[in-house]
Structure formats: structure tokens, C-alpha cells
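Okay, here's what each chain looks like letter by letter:
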Amino acid sequence: MTDDALPVAPLRDACLGPVLAWQAALGECVIQAQRNQYEMLTAWGKSLGAFNQDLWDRWVCRFGGGVPLDG
């Protein structure tokens, strides 16, 4: 390598920096969207579980002859 040759690594890093930053930002957005979807799914599952528990308690009170054991 001669002294008058241009260094390639800094030029490559300068060109790829914005590209990699854009890809990282896009990946972070996708991961955040999936995290939000998972949180919504778990909240929906909890509410569905509470609904089913209430339905079971009402059935036990009506047809089972008394108050459910879990109060």
C-alpha cells in the first residue's frame, strides 16, 4: 500500500452508518410493535379468564346449590 492510497474503511463506515442506523430503527419499531401486540394479547387473556371465572361462579351459585368455594 502506498501513502497516496485512500483509506477504504472510513469511507465504507461513513456510507454504511446511515444504512445500518435505518435498519436498526426499523428493527426496533418491529420489535416494539410485537411487544405491544403481546401485551394486548395477555390483557385480553386475563380479561377472558376473569369472565370465565365469573361465569363459573354464577353457574355454581345457580345450579350447584351454594356459594363457590373460592368466595
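Numbering of residues begins from 1 in every chain and follows the order in which that chain's sequence is written. Selection of residues for local features in this predicted model requires a pLDDT of at least 70, selection of side-chain atom pairs for listing and counting requires 80 or more, and totals for whole chains, interfaces and linings are taken over all residues. The basis for the side-chain values is all heavy atoms of the structure; hydrogens and waters are excluded.

Comment: elements are numbered from the N terminus, with helices defined as DSSP H or I runs of at least four residues and strands as E runs of at least two. Along the backbone of the chain there are 1 helix and 0 strands. The proportion of buried residues among the 71 residues of the chain is 4%. Per-residue and other accessible areas were derived by the Shrake-Rupley procedure at a 1.4 Å probe size, with only the shown protein chains allowed to occlude residues. Carbon and sulfur atoms form 67% of the exposed surface of the chain, whose accessible area is close to 6,500 Å². Working definition: with a 1.4 Å probe on protein chains only, accessible area under 20% of the residue-type maximum means buried, over 50% means exposed, and in between means partly exposed.

Right, let's get into the pattern of salt bridges. Whenever Lys or Arg places a side-chain nitrogen within 4 Å of a carboxyl oxygen from Asp or Glu, that contact is recorded as a salt bridge. Tallying each qualifying case throughout the model produces 1 salt bridge. When the shortest N-O distance is used, the salt bridge between D54 and R58 registers 3.0 Å. Of this pair, D54 and R58 both sit in helix 1 (residues 8-63), 4 residues apart, roughly one helical turn. A relative accessible area of 36% places D54 in the partly exposed class.

Residues with no salt bridge and a relative accessible area higher than 30% make up the patches, which join like charges within 9 Å and nonpolar side chains (Val, Leu, Ile, Met, Phe, Trp, Tyr) within 5 Å. Residues Y38, L41, W44, L48, F51 and L55 make up a contiguous nonpolar surface patch of roughly 700 Å² in combined accessible area. Checked against the element boundaries, Y38 lands in helix 1.

Right, let's talk about the packing of aromatic side chains for a bit. Working definition: rings of Phe, Tyr and Trp (its six-membered ring) pair if their centres are within 6.5 Å, and the pair is stacked with planes under 30 degrees apart, edge-to-face with planes over 60 apart, and tilted otherwise. Applying the stated criterion to the full structure yields 2 aromatic pairs. Pairing W56 with W59 gives two aromatic rings, centres 5.4 Å apart and planes at 15°, and the pair type is stacked. One end of the pair, W56, and the other, W59, are both in helix 1, 3 residues apart, so they sit about a helical turn from each other. For the pair W59 and F63, a centre-to-centre distance of 5.9 Å together with 45° between the ring planes defines the contact as tilted. One end of the pair is W59 and the other is F63, both in helix 1 and 4 residues apart, which spans about a single turn.

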